Amino acid sequence: MAVQCLLLCSLMMMTVSGALYERPSYIHPCRRNDPEINKCIRNSLNFVKPYVARGLPELKTPPLEPLRIEELAMENNAGAVRIKALFTDIVALGAGNYTIKEVRSDLKKLRIDMSIGIPRVETRGKYEVIGNVLLLPVRSNGEFWTEFSDITAIAKIYGKAVERDGESFMGIEKITVDFTMKNARFKVKDHVNTQNVLGEAINQFLNQNANELIQEMRPAASQSIGKLFRKFLNEAFTNLPTRLWLLED
């Protein structure tokens, strides 16, 4: 009786596992030995864009449009801008309108590099900042709004093999991100320095020095964004067996 129960339970688990890991209609698989594998991966990632924008509950990925981020911390200890910043209750619009421009991959090492273009991203939320900007002490908290346009990002994804439920997955070990943009605009409502004149001066300073500030903060921002999207992509890939998006023959 115990043996029969064990066999029945094993059969049920296999059935459930098979049902869980069927290929979704939005996944266009690529063949590992395809001489144009990079083009295939690029096209597949662009095809899935509207689905990712809406969110994929079955892969445990939240919507990209809008993208809601509970908390994003940055710290920059070099250069003219030396600050600790904490951004919370962030809502970002435009991240789901990405285009994968180019892909370079080494799938034996589970390594994928890609160039990404995003026309415009608008964010709003709350912030806390402490530190020094151009040797001037800064301590502020309040609400912020930003707009970035013509963004180009280079993302390097380092994967690792993960075995679970008799299936192989690609876990995301690390992501590095670097980015450039042509234009940026800022607006803050400072709750500490509440005088209107000072508030306008802060906004004027941010916008007049936007490019310089972005260059100073880019390493810290890139690191924080990389951590955020590592979590995002790790959820997706560890809920999608490798065999469903990468065919062996």
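Basis of the calculations
Residues numbered from 1 in each chain as written. Predicted model: local features only at pLDDT ≥ 70, side-chain atom pairs only at ≥ 80, totals over all residues. Heavy atoms only, no water. Helix = DSSP H or I, 4+ residues; strand = E, 2+ residues; numbered from the N terminus. Buried < 20%, exposed > 50% of the residue type's maximum accessible area, 1.4 Å probe, protein only. Contact = heavy atoms within 4.5 Å. Areas by Shrake-Rupley, 256 points an atom, 1.4 Å probe, with all protein chains shown as cover. Bend = angle between axes of the 7 residues up to and from the residue.

1. A few points about the overall build of the protein
- Secondary structure summary: the protein contains six helices and eight strands in total.
- By the burial criterion, 41% of the 249 residues in the protein qualify as buried.
- A separation threshold of at least 6 residues defines the contact pool for the protein, and within that pool the share at least 24 residues apart is 68%.
- By element, 57% of the accessible surface of the protein is carried by carbon and sulfur atoms, the whole surface being about 15,200 Å².

2. Here we look at unusual backbone geometry
- Backbone torsion omega between Glu65 and Pro66 reads -5 degrees, so that peptide bond is classified as cis.
- The residue Pro66 is located in the loop between helix 3 (49–54) and strand 2 (67–76) in this model.
- Residues other than glycine seldom take positive phi values, yet Asp89 does so here, at roughly 50 degrees.
- Along the polypeptide, Asp89 turns up in strand 3 (residues 81–93).
- Positive phi is not limited to glycine here, since Asp150 has a value of about 55 degrees.
- Inspection of the secondary structure puts Asp150 in strand 6 (residues 136–164).
- For Asp150, a relative accessible area of 39% translates into the label partly exposed.

3. Focus on helix 5 (residues 210–237)
- A bend of about 55 degrees at Arg218 is the largest found in helix 5, and the proline Pro219 appears one to four places after it.
- Within helix 5 the residues assigned to the buried category are Ala210, Leu213, Ile214, Met217, Ala220, Ala221, Ser222, Ser224, Gly226, Phe232, Ala236 and Phe237.

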